[in-house]
Each structure stands twice: as C-alpha cells, then as structure tokens.
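Reading the structure
If you want the building blocks of each chain, they are given just below.
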Amino acid sequence: MKVCKFGGTSVASAEQIKKVGAIVQADPSRRLIVVSAPGKRFSDDTKVTDLLIELANAALQQGAVEEKLKNVVKRYKNNADGLGLDNAICDVIEVDLRKRIAEAGSISDELLMDSLKASGEDNNAKMIAAYFNSIGLKAKYMSPLEGGLIVNDLPARAQALPKAFDNLSDLKHSQEIVVFPGFFGYTEDGVLRTFERGGSDITGSILAAAVKAELYENFTDVDSVFCANPKVVNCPVEIEEITYREMRELSYAGFSVFHDEALMPVYKVGIPVCIKNTNNPSALGTRIVSERKSNHSPVTGISADSGFSILYVSKYLMNREIGFGRKLLQILEDENISYEHTPSGLDDISVIIRSHQLTPDKEDRIVKRVETELQADDVHFRHDFSMLVIVGEGMNNNTGLAARATTAISKTGANIEMINQGSSEVSLVFGVRKEFENKILQALYNEFFALSASVLT
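A quick note: this is a predicted structure, and the numbers were derived from the prediction, not measured.

Re the side chain of Ser115
Note that Ser115 resides in helix α5 (residues 109–134). Non-local contacts of Ser115, meaning those with residues more than four positions away in its chain, are made with Arg100, Glu103 and Leu192.

In structure tokens:
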C-alpha cells in the first residue's frame, strides 16, 4: 500500500482533481489518499482556507456571514461542475458549513476558527471521494473522527497520540480507496484540533506510519526538491535523494516543500517519502530515506529563513556562575517563548528567537527580569535577522567547508552575526542581517553547486 498526499495546488480546480484521479488510477497500490483544501488556481486567486478564515471572522463578529459562505460554496460548486458531479455534494458542503457556523458562541473563538479552517480539507475529501466513484474508482470518504486520528488536548500544540496509530492501522484492510482529509484530528472528547503549518503533510505521514506503507508519496507542484530556493537561485540543482536528517534541517530554515514536523512519524518506522509533481507524475521526484548513496558534493542543500531576533546578554564572569543559562531560559519559558540557538562566549550569550513570538511588552519584561534577577551588565534585543543553513551528511568528513562558506559570505560584504554547527555535523548555520539573505544564498550556491557543476563538465 502507498499513501498519497495531494497538496492545495494539486486539488485547486476540477482540472487538477482530474489529474489526481488519473494518478490514483495508474497505480492500484495507491489506496490511501490524503487531500488538502483547494489552493490557488492562479497567482491572484484566494485559497479556500483563506476564504474560510474570512467566514470564521464574520461569524465571530456577527458580520456578513451569508456573503462569505456563498464565496466558499461557490468555489466547491465550480469544481463540482467541472468534475460532472451533481449539486448534491455542494448541498452536503453547505449544510456542513452552516452547522459549524452555528457553534459560534457555544465554543471558544479558537475552536470555531479551527473547525471552519478544517472544513476546507474535510469537504474537499468528500468531493474527491464522490469524483473517484464517478470515474469507476471504488472509494469512500473517511473522517479523522471515524478513522480514530486521536490527538492530545489543549493547550499544547496538536500531536497524534500513540493510540491513533493503532486505530488507523485498520485502514490497510480497506477494500476501497480511502480519501482522508488532512490537517486535523480529534481529542478523546471529540474536540476538533488542527495541526500546525504543513498539517496535511503531517496527516499523510501519520497514516503512512500507521499502515506501514511501502511508500509515502507527497504530491505538489514541483518535479523535485531543489538544493536552493528557485525564487532566488536560477535553475538550482535538483535533489534526487536526501536523508530524513538533511530534509529536517532544510525544512527548519525555509524549505516549504515538506514541513519538518511531518517527517517524524515516517522517520520512526523508516518509511521512504517521495516528493512528486501532480502536473508531471512521470518525473522521478525526490526520495527522502534513512541513508543515501554518497555523491560528489558534501553539501546537499542550502536554505534560508527570515524572521529571527537575537536576545543579547552580557555579564562579566558569566561562565563561572552556575545556573546562569538555565535561569535565562526559564525567563523565556515563563513568557511561553522557545529558542532556536544559544551561541555564547565567556562573558556573553545570544539567544536566537523566532520574532513572531515577541511583543514590545514581552521584550520589556524579559529585559527587566534579566537585568534584575541575573544582574546582567548589558541586555538588549536585535531584530530583522535571517538564518542560512548549509546541510549535508558528508560535511563531517570534509575539511575546509566552513572556511569555504565564510569566504563566500565575506565576498558579499555581509557580516556574520552568528555561526553554529550541531554536534551531528549535518548542518552549519549562519545568522546574518535579513537584507543580505538572498545575496548570501546565491553566493553559497555558487560556491558549493555552480562551481562544482562547472568542474564536472
């Protein structure tokens, strides 16, 4: 059995959904299908999820709900008409949306928003199952509630509980193709909860692990994963094979093709993943595996992500003060803030934080507490940083790689604010000012890929 997940662009229109049907028909082992909500059909289009967020906001504010509701139903109707389905499926979808809207006031605002956002995947799965049956594919829609995708309770972020894998393992015995909505699950008390970004990828990975699939195929709109962002680097090298660890590191710093959290379920049981293109399914794609064949380059990929801030703390003889780091991180924990890196010297330490977690009030409280409780000499925040990550399983056996990277960066005129290499030596992280991000990404690509390619040819 193969588990196949189709992203938003793959199910955005009737034309795209027909491609999905053809892909499933082409391989009888594709028995468990996970779908996202309809995405953009063209660059200026609006995702169904965004339409649903507008609908949820209208319901919460007691605004123009009918207009927002019609916008959502219209998108589904356009797809239903293009697929040759009758109006019955759209009636089912409208009834479902009205039922969710009616919960406004009886559940928290957060849960109502989650419920309406999740309806995008849920109702799209119903429509795609109906389409499969119309073209002769014996299929059924299955709700995460019926399938047993059980997640933990609030307030922690949603994660599948161990019993979810036991429940979902029964799907491998289904005689029909199962169309399963991504992005959400249910608590043991029946409360709907959504996963974080890349939620449909997470669902697909959970199902693949649960049924012990031979392969988890993740269909998107690119032929493969590229070694660098194609929006910055012109025609970057395609990656044929990459390890779980490498993909995890690249996803952490901006690779949007596959969310890093989605790798965990399949990583634990060693199920390979293949990133494929719905618009070009014959392309080999990129395989994510436990171990891969070595290649000529120690670097597999380079990624970059912005939106980081630095908390700088300085105190003379900090290194001799037992518990200083723990106390500092406790202050951040008290503000519900996680950290990314903590490079340090004898008398100073920097804590790298994703900026979206900060507010001016939080920053003021943190600075005052560090000054008062830790008696620091200097405490301040700096903003607008990017993290660039060089990733490769071969890096730990390669001499001079860091020197090559820093030399390439120096030629751009940028200053390196931070360097961090993990103990696994799979990645090397550079913190730089955001304004230099794209320039440095291009310079690193030229150093590790463009020049290598020219030597080989």
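After that view, the rundown keeps rolling.
Comments concerning the pattern of salt bridges
What the rule picks out here adds up to 25 salt bridges. Here Arg365 and Glu335 are joined by a salt bridge, their closest N and O atoms 2.8 Å apart. Residue Arg365 is located in helix α12 (residues 360–373), and its partner Glu335 is located in the loop between α11 (324–334) and β14 (348–354); the two are separated by 30 residues in the primary sequence. Here Glu335 falls in the buried class, since its relative accessible area comes to 11%. Here Glu373 makes a salt bridge to Arg369, at a shortest N to O gap of 2.7 Å. Pair noted here: Glu373 and Arg369 are both in helix α12, with a separation of four residues, about one helical turn. Judged by its relative accessible area of 47%, Glu373 falls in the partly exposed class. Relative accessible area serves as the criterion here: at 25%, Arg369 is assigned to the partly exposed category.

Concerning the packing of aromatic side chains
With the rule as written, the count across this model stands at five aromatic pairs. Aromatic pair Phe6 and Phe219: ring centres 4.7 Å apart, planes at 15 degrees, arrangement stacked. Of the two residues, Phe6 is situated in strand β1 (residues 2–6) and Phe219 in strand β7 (residues 215–220); the sequence distance between them amounts to 213 residues. Like Phe6, the residue Phe219 is buried in the burial classification. On the basis of an interplanar angle of 75 degrees and a centroid distance of 5.9 Å, the ring pair of Phe184 and Tyr186 is categorised as edge-to-face. Owing to a relative accessible area of 12%, Tyr186 belongs among the buried residues under this scheme. Between the NZ or CZ atom of Arg433 and the centre of the ring of Phe385, over which it lies, the distance is 4.6 Å.

A few points about the environment of Gln375
Along the chain, Gln375 turns up in the loop between α12 and β15 (378–391). Considering only alpha carbons, one finds Gln375 and Ser314, 61 residues apart in sequence, at a separation of 9.6 Å. What Gln375 contacts, discounting residues up to four positions off in sequence, is Lys315 and Val370.

Some words on the sheet that holds β1
Taken together, eight strands build an open sheet; the order of strands is β3-β4-β2-β1-β7-β11-β12-β10 and the sheet is mixed. Only two strands of the sheet have a single neighbouring strand rather than two, namely β3 (139–141) and β10 (241–243). Neighbour-to-neighbour, the strand axes of this sheet turn through a mean angle of 20 degrees, independent of strand direction. Relative to strand β2 (residues 30–35), helix α1 (residues 14–26) is tilted by about 155 degrees, and along the sheet it contacts β1, β2, β4 (177–181) and β7. Across the sheet, helix α9 (residues 244–252) is in contact with β10 and β12 (286–289); its angle to β10 comes to roughly 85 degrees.

What to know about α5
Given 3.6 residues per turn, any residue in an α-helix points the same way as the ones three and four places further on. With 26 residues, α5 extends 38 Å from end C-alpha to end C-alpha; this agrees with the ideal 38 Å at 1.5 Å per step. Taking the largest bend as the criterion, α5 deviates by roughly 35 degrees, centred on Ser119. The buried fraction of α5 amounts to 21 of the 26 residues, a majority that puts the element mostly inside the structure. Positive phi appears at Gly136, one or two residues downstream of α5, with a value of about 95 degrees.

Definitions and cut-offs
- Residues numbered from 1 in each chain as written.
- Predicted model: local features only at pLDDT ≥ 70, side-chain atom pairs only at ≥ 80, totals over all residues.
- Heavy atoms only, no water.
- Helix = DSSP H or I, 4+ residues; strand = E, 2+ residues; numbered from the N terminus.
- Contact = heavy atoms within 4.5 Å.
- Salt bridge = Lys/Arg side-chain N within 4 Å of Asp/Glu carboxyl O.
- Buried < 20%, exposed > 50% of the residue type's maximum accessible area, 1.4 Å probe, protein only.
- Phe/Tyr/Trp six-rings, centres within 6.5 Å; stacked < 30°, edge-to-face > 60°.
- Lys NZ or Arg CZ within 6 Å of the ring centre and 35° of its normal.
- Pairing = 2+ DSSP bridges.
- Axes fitted to C-alpha atoms, helices over the stretch in contact; angles between N-to-C directions.
- Expected span 1.5 Å × (residues − 1).
- Bend = angle between axes of the 7 residues up to and from the residue.

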